[in-house]
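Breakdown of the fold
Single-letter residue listing:
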Amino acid sequence: MGKFRGWHILAGIAAMVLTGILGTVMGLNNTAAFMASCVAFVAVALWTDSRISRRRREAQREAQREAAREAPREPAHEPVQDPALRDDH
């Protein structure tokens, strides 16, 4: 999918065109065909966007898991305390 971020828009436009053609073939008037096309655009664009986002999140989680497996495990360090805050008067 690369860096292009408009796949959901293209899918919505394709659905809009297809719905407009099908609406006209079914005998809907222009207003009804246009309204159905707009509904199809929104539905398909939102669905496609959610699927793409889910796939990217899963890929990012998998990359984080791989990075965590490859990273060397170091023991936890104790926090360094500021000498001015100690009570060694």
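What comes next is a walk through the structure. (Residues numbered from 1 in each chain as written. Predicted model: local features only at pLDDT ≥ 70, side-chain atom pairs only at ≥ 80, totals over all residues. Heavy atoms only, no water.)

Comments concerning the overall build of the protein chain
Condition: Put simply, DSSP H or I for four residues or longer makes a helix, DSSP E for two residues or longer makes a strand, and each gets a number counted from the N terminus. Any residue under 20% of the maximum accessible area for its type is buried, any over 50% is exposed, and the rest in between are partly exposed; the area is computed with a 1.4 Å probe on protein chains only. Every residue pair with non-hydrogen atoms within 4.5 Å of one another is taken to be in contact. Calculation of accessible area relied on Shrake-Rupley with a 1.4 Å probe; when residues are assessed, cover is drawn exclusively from the protein chains displayed.
Per the secondary structure count, the protein chain includes two helices and zero strands. Looking at the protein chain as a whole, 13% of its 89 residues are labelled buried. Across the protein chain, every contact between residues at least 6 apart in sequence was considered, and the portion connecting residues at least 24 apart equals 61%. With an accessible surface of roughly 7800 Å², the protein chain has 61% of that area assigned to carbon and sulfur atoms.

A closer look at helix H1 (residues 7-25)
The line we're drawing: The span expected for a helix works out to 1.5 Å for each residue beyond the first. Here the arc refers to the set of directions running from the helix axis out to each C-beta atom.
For H1, built from 19 residues, the straight-helix expectation of 27 Å at 1.5 Å per residue is met to within 8% by its first-to-last C-alpha distance of 27 Å. Within the sequence span of H1, burial applies to His8, Gly12, Ala15, Gly20 and Gly23. Looking straight down H1, one finds its buried side chains confined to an arc of 135°; they lie on one side. Opposite its buried face, H1 presents the exposed residues Leu18, Thr24 and Val25, each directed more than 90 degrees away.

A closer look at a positive patch on the surface
How we decide: Candidates for patches are residues over 30% relative accessible area with no salt bridge; among them, like charges are joined within 9 Å and nonpolar side chains (Val, Leu, Ile, Met, Phe, Trp, Tyr) within 5 Å. Here, a salt bridge means any side-chain nitrogen of Lys or Arg that lies within 4 Å of a carboxyl oxygen of Asp or Glu. His residues and chain termini do not enter the charge count, which takes Lys and Arg as positive and Asp and Glu as negative. Charge placement uses NZ in Lys and CZ in Arg. For Asp and Glu, CG and CD serve respectively.
Together, Arg51, Arg54, Arg55, Arg57 and Arg61 line one region of the surface with positive charge. Residue placement: arginine 51 occurs in helix H2 (residues 30-70). Given a relative accessible area of 39%, arginine 51 falls into the partly exposed group.

Description of a nonpolar patch on the surface
A surface patch of nonpolar side chains, about 740 Å² in accessible area, is lined by Phe4, Trp7, Ile9, Leu10, Ile13, Val17, Ile21 and Val25. For isoleucine 9, the position within the fold is in helix H1.

What to know about the side chain of threonine 48
Within the secondary structure, threonine 48 is located in helix H2. Apart from the residues lying within four places of it in its own chain, the contact partners of threonine 48 are Trp7, His8 and Ala11.

The analysis is restricted to geometry; functional conclusions fall outside its scope.
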